[in-house]
Amino acid sequence: MMNWNDLGRQIDVLIGMVENSVNQRFQARINAIISMYDSLVSNYADEDSLENLNKYNRLNKAIKQLEKDITSDYSALYKTIAYAQVMAFIHSTLGSAFLLSGLTGLAPILAFPKLIELRKLLSQDTEEYDLLNTLSYHRNDMLRELKGALNSSVNDNITPSATKRKLKRISEKYTSRVQRVSTYEIGRAESLAEVELGERYDRAVDELKERPHKAPKGFKFDDKERGKRFVDEGSRLNRIWVSQRDLRVRTTHIVLDGQASDHEGLFYSKATASYGKGPRLMIGISAMQENMGCRCSVGYRVNGIELDQMDDETMSADHRELYEKTSFDHYQDWLQFHEEDVAPDYYNQLSKQMMWYKKPSPTTEERTEHNLMTDAKRFRKMVERGFHKKKNGSWGY
């Protein structure tokens, strides 16, 4: 079966691929910088001192190239993160639509906007926190520290070994910072998708209460019998907070896990005096303590039923029917059936931008196909194989 916790884990894989891209790009860059520095030091080893680097203006020339390279790195990472945001929004919308249609019998008519419009939808309300601006700040700070370390090696007579250690520390620092930004932004897109779809369902449920035999505007009956039962049993749809339910979940989110939002659709965290419509969407003085590094997602409880792992022996007939209807096998069939209707024309370019973690001998499908169903299977397989973050900041099995 599938549930919102599973969707969250699949988006976590997407986050992992982007974090891995950040790690590999900065690792390659710092190796190139150290190689350049070693070359400069070696070329002038026979001269009086490293001050000759400044004398012949070689260091300044190398720094100008460094500025171009770091700018290129951040530009590429911005594109990767922005594309992953859109992918997270699409897959979260489709996964949630599949689960909610299975629970309610109502399926939303889906149509994603053009890429530029969706990018605008996913941008921050405050310009200061906009993804491009945030990465620009990081780029400027990283360049300042790298140039400072290289200049100090000359002006302050810092030894080459100490300089290289400092350069590596700077790279590790900004690898971690950009990874945190990417995790937050991709996760925020996931939550926005789940909340937006839930709000559409809220409006549909209100219409359904008035006219139970007519599909609400923007919806169709995916299963009329299930839709009738949904109404007869109370037509209650509650937004809930769903954590990853593992040892990495922070204390405040253990408390929030499983809690339903209030009548305005808001969750509250007393510990940080913050509130919001979902994970990574919290606001308040200490809201960033809740948002940064969060891996939670939004889920839904329908007429008191929450899709969660249950023992086969204790499962009711109604639960069993729902579990079968919301299985991953059914999700693949559902995606394939709706592919032409819901897949944006730009999806292929999004998927190709990702650094899919391939097996040594990937299948033809894994190597060449980039569609909704194939990518959903990729996410699922990577979760099952244990794709995770390693101590060095990379991701793998």
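Residues numbered from 1 in each chain as written. Predicted model: local features only at pLDDT ≥ 70, side-chain atom pairs only at ≥ 80, totals over all residues. Heavy atoms only, no water.

## Quick look at the overall build of the protein
Worth spelling out the cut-off: Going along the chain from the N terminus, every DSSP run of H or I of four or more residues is numbered as a helix, and every run of E of two or more is numbered as a strand. We call two residues in contact when some of their heavy atoms are within 4.5 Å. We count Lys and Arg on the positive side and Asp and Glu on the negative side, and we leave His and both chain ends out. Charge positions come from single atoms, namely NZ of Lys, CZ of Arg, CG of Asp or CD of Glu.
Within the protein, the secondary structure is distributed over 14 helices and 10 strands. Long-range contacts, defined as pairs at least 24 residues apart, comprise 74% of the intrachain contacts of the protein with a sequence gap of at least 6. If you average the places of the 59 positive and of the 58 negative side-chain charges in the protein, the two averages end up 5 Å apart.

## Thoughts on the side chain of serine 153
Keep this limit in mind: Note on exposure labels: buried denotes an accessible area under 20% of the residue type's maximum, exposed denotes more than 50%, and partly exposed covers the range between, all computed with a 1.4 Å probe on protein chains only. A 3.5 Å cut-off defines polar contacts: any pair of N or O atoms within that distance qualifies, except that in protein one atom must be a possible hydrogen donor and the other a possible acceptor, and neighbouring residues in sequence count only when both atoms are side-chain atoms.
Positionally, serine 153 belongs in helix α5 (residues 131–155). You can call serine 153 buried: its relative accessible area is 1%. Only 2.5 Å separates the side chain of serine 153 from the backbone oxygen of leucine 150, close enough to count as a polar contact.

## As for unusual backbone geometry
Notably, alanine 273 is not glycine yet its phi reads approximately 50°, a positive angle. Among the residues examined, alanine 273 registers a relative accessible area of 61% and is labelled exposed. For asparagine 303, which is not a glycine, the phi torsion comes out positive at approximately 50°. As for its placement among the helices and strands, asparagine 303 is situated in the loop between β7 (297–302) and β8 (305–306). Since its relative accessible area comes to 12%, asparagine 303 is described here as buried.

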